[in-house]
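# Analysis of the macromolecular model
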Amino acid sequence: MKEVKYVIRDETGIHARPAGLLVKALSEFSGEVRVGTPQKMVDGKRIFGIMGLGLKCGDEITLTFSGAGEDEAAQRITVFLSENL
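Residues numbered from 1 in each chain as written. Predicted model: local features only at pLDDT ≥ 70, side-chain atom pairs only at ≥ 80, totals over all residues. Heavy atoms only, no water.

With that settled, consider the sheet that holds strand β4 (residues 60–66). Taken in spatial order, the four strands make up an open sheet running β1-β4-β2-β3, and their pairing is antiparallel. Since the sheet does not close on itself, it has two edges, and those belong to β1 (2–7) and β3 (41–43), each with one partner. Geometrically, the sheet is characterised by an average inter-axis angle of 25° between neighbouring strands, direction not taken into account. Pairing between β1 and β4: six bridges, direction antiparallel. Bridged to K5 within β4 is T62. (Pairing = 2+ DSSP bridges. Helix = DSSP H or I, 4+ residues; strand = E, 2+ residues; numbered from the N terminus. Axes fitted to C-alpha atoms, helices over the stretch in contact; angles between N-to-C directions.)

Structure (structure tokens):
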């Protein structure tokens, strides 16, 4: 299992549009992806789960990857997050 932590920098947080982009990026990986905070983790491939987290600017999220290609997935998502959120 690979884990990535990231602090949301987008001043509007994660609403529908960025949640959709994140789900699209995470859906490229065949393994399991979980996204969330210490209070709640959700399936990273489900937009309503991510939107339900209510993530705001300054919140820290954790993404966990398990399965085939988890190292590459973590690297690619780290770049995605820094460019988009």
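Resuming the write-up.
All right, on to the packing of helix α1 (residues 16–26) against helix α3 (residues 70–84) then. Two numbers describe how α1 lies on α3: the axes approach to 11 Å, and their chain directions differ by 165°. With respect to their mutual orientation, α1 and α3 come out roughly antiparallel. Two packed elements cross with a definite hand, and for α1 against α3 that hand is right-handed. Of the residues in α3, those touching α1 at L21, L22, A25 and L26 are I77, F80 and L81. Of the residues that constitute the contact of α1 with α3, the class distribution is seven nonpolar, no polar and no charged. (Parallel < 35°, antiparallel > 145°, perpendicular 65-115°, else oblique. Left-handed = near helix turned anticlockwise from the far one by under 90°. Contact = heavy atoms within 4.5 Å. Nonpolar A, V, L, I, M, F, W, Y, C, P; charged D, E, K, R; others polar.)

It is worth spelling out the environment of T78 at this point. Following the sequence through the fold, T78 ends up in helix α3. Taking the C-alpha atoms as reference points, T78 and R17, 61 residues apart in sequence, are found 18 Å from one another.

With that out of the way, let us pick up α3. For α3, built from 15 residues, the straight-helix expectation of 21 Å at 1.5 Å per residue is met to within 8% by its first-to-last C-alpha distance of 20 Å. Listed in full, the buried residues belonging to α3 are E70, A73, A74, I77, F80 and L81. In an axial view of α3, the angular spread of the buried residues amounts to 130°, which keeps them on one side of the axis. Among the exposed residues of α3, those oriented more than 90 degrees off its buried face are Q75 and E83. As for α3, its buried residues are in contact with β1, α1 and β4. (Expected span 1.5 Å × (residues − 1). Buried < 20%, exposed > 50% of the residue type's maximum accessible area, 1.4 Å probe, protein only. Arc of directions from axis to C-beta.)

A separate point is the packing of aromatic side chains. For any two aromatic rings, the description comes down to two numbers: the centre-to-centre distance and the angle of the planes. Per the stated rule, a full pass over the model turns up one aromatic pair. Seen from their ring centres, F29 and F65 are 6.5 Å apart, and the 90° between their planes marks the pair as edge-to-face. Of this pair, F29 sits in the loop between α1 and β2 (32–36) while F65 is found in strand β4, placing the two residues 36 residues apart along the sequence. The same class applies to F29 and to F65, which are both buried. (Phe/Tyr/Trp six-rings, centres within 6.5 Å; stacked < 30°, edge-to-face > 60°.)

Shape descriptors only; they carry no functional weight alone.
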